[in-house]
Amino acid sequence: YVKQDGQAVFKFAVRKMEDVCRRVLARNGLGPQDVDLFVSHQANRRINEYVQKLLGLPDSTVIHNIQKYGNTTAASIPICMNEAIELGKIKPGNLVCLVAFGAGLIDEAEARRWLAAQQAADAANGANSRGPQEGGSGDQPQRCRFEHG
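Residues numbered from 1 in each chain as written. Predicted model: local features only at pLDDT ≥ 70, side-chain atom pairs only at ≥ 80, totals over all residues. Heavy atoms only, no water.

1. Remarks on the overall build of the chain
Note the following rule: Segments assigned H or I by DSSP are reported as helices when at least four residues long, segments assigned E as strands when at least two residues long, and all are numbered from the N terminus. Relative accessibility decides the category of a residue: with a 1.4 Å probe and only protein chains considered, values under 20% of the type maximum give buried, values over 50% give exposed, and everything between is partly exposed. In what follows, residue pairs with any heavy atoms lying within 4.5 Å of each other are defined as contacts. Note on areas: these come from Shrake-Rupley sampling with a 1.4 Å probe, and a residue is covered only by the protein chains present in the view.
Along the backbone of the chain there are 5 helices and 5 strands. In sequence order, the secondary structure elements of the chain are arranged as α-β-α-β-α-α-β-β-α-β. Sorting the 149 residues of the chain into buried and exposed places 43% on the buried side. A fraction of 58% describes how many contacts in the chain between residues 6 or more apart in sequence connect residues 24 or more apart. Taken as a whole, the chain presents about 8100 Å² of accessible surface, with 51% of it coming from carbon and sulfur.

2. Section: helix α2 (residues 45-55)
Each full turn of the α-helix corresponds to 3.6 residues, which orients residues three or four apart in the same direction. So the rule is basically this: The arc in question is the one traced by the directions running from the helix axis out to the C-beta atoms.
Taken together, the buried positions of α2 are Ile47, Asn48, Val51, Gln52 and Leu55. Here the buried residues of α2 occupy an arc of 135° about the axis, which is enough to place them on one side. For α2, exposure combined with an orientation more than 90 degrees from the buried face picks out Arg46 and Lys53. Packed against the buried residues of α2 are α1 (6-27), β1 (37-40), β2 (62-63) and β3 (95-102).

3. A look at the environment of leucine 54
On the secondary structure map, leucine 54 appears in helix α2. For the pair leucine 54 and proline 32, spaced 22 residues apart in the sequence, the C-alpha separation amounts to 9.8 Å. Those residues in contact with leucine 54 that lie beyond four places of it in its chain are Val14, Glu18 and Arg22.

4. Thoughts on the side chain of histidine 41
Mapped onto the elements of the fold, histidine 41 is located in the loop between β1 and α2. In this structure histidine 41 touches Asn48, Asn71, Thr73, Ser76, Ile77, Val99, Ala100 and Phe101, once residues within four positions along its chain are discounted.

5. Digging into the pairing of β3
Condition: Two strands make a pair as long as DSSP finds a minimum of two bridges between them.
Extensive coverage of β3 is indicated by the burial of 6 of its 8 residues. As paired elements, β1 and β3 share 4 bridges and run parallel to each other. Counted as the bridge partner of valine 39 is leucine 98 from β3.

6. As for the side chain of threonine 61
As a reminder of what qualifies: Identification of polar contacts relies on pairs of N or O atoms within 3.5 Å, with a donor-acceptor requirement for protein atoms, meaning one able to donate a hydrogen and the other able to accept it, and with residues adjacent in sequence counted only if both atoms are side-chain atoms.
Assignment of secondary structure puts threonine 61 in the loop between α2 and β2. By relative accessible area, which is 8% here, threonine 61 ends up buried. A distance of 2.8 Å separates a polar atom in the side chain of threonine 61 from the backbone oxygen of proline 58. If we ignore the near neighbours within four places in the chain, the residues touching threonine 61 are Val35, Asp36, Leu37 and Phe38.

7. Here we look at the packing of α1 against α2
Convention followed: Axis angles are defined between N-to-C directions and span 0 to 180 degrees, where every axis is a line fitted to C-alpha atoms and, for a helix, only to the segment in contact. If an angle is under 35 degrees, it is roughly parallel; if it is over 145, roughly antiparallel; if it lies from 65 to 115, roughly perpendicular; otherwise it is oblique. In a left-handed crossing the near helix is turned counterclockwise from the far helix by less than a right angle, and in a right-handed crossing that turn is clockwise. Under this grouping Gly is polar, as are all residues other than the nonpolar Ala, Val, Leu, Ile, Met, Phe, Trp, Tyr, Cys and Pro and the charged Asp, Glu, Lys and Arg.
As a packed pair, α1 and α2 sit with axes 9 Å apart at the nearest point and diverge in direction by 45°. One way to sum up the angle between α1 and α2 is to call them oblique. Seen from above, α1 lies across α2 with right-handed handedness. Of the residues in α2, those touching α1 at Phe10, Ala13, Val14, Met17, Glu18, Cys21 and Arg22 are Arg46, Ile47, Asn48, Tyr50, Val51, Leu54 and Leu55. A breakdown of the residues in the contact of α1 with α2 according to their chemical character gives 10 nonpolar, 1 polar and 3 charged.

8. Quick notes on the nonpolar core
Rules: Put simply, buried Ala, Val, Leu, Ile, Met, Phe, Trp, Tyr and Cys residues joined by side-chain atoms within 4.5 Å make one nonpolar core.
Core analysis: the largest hydrophobic core is formed by 23 residues, its most contacted members being Phe38 and Ile47. Put simply, the parts of the chain that give this core at least two residues each are α1, α2, β3 and β4 (106-115). The element that contributes the greatest number of residues to this core is α1, accounting for 9 residues. If sequence neighbours within four positions are ignored, phenylalanine 38 has contacts with Cys21, Val51, Leu55, Leu57, Thr61, Val62, Ile63, Cys97 and Val99. Counting residues in each nonpolar core, the second largest holds 11 residues, with Leu37, Ile77, Val96 and Trp114 among its members.

Below, the structure is given as structure tokens:
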């Protein structure tokens, strides 16, 4: 059977999630104050709230849904993103920070700006000269560089 030390996993997840978020933001010339929406893996709300506190993010920039669905494992971030889109929490030019940890105690974070539908079409056709720091709004993400540990 599988055995895990919950307290050690909590401390590890909090430390790694905060660190990887700071690294991905710094790599893109950004900081936590630039984050408009913070979406984390929905394994444990206490972990997510502690990471939010360490990053200094206000409640208005964070989305949680573990209380509705439980731990949906690999689907938790896409489900949160879908809810954020439906609720209008992603607006033109918003920076979204995604972070997860999981099996094998790996972690990864990604910073994205959202493109308007026309910008996404132009970018796909090579007509958009905007870099990874720029963007608009809509359903289409534009990636910044990512970090993983």
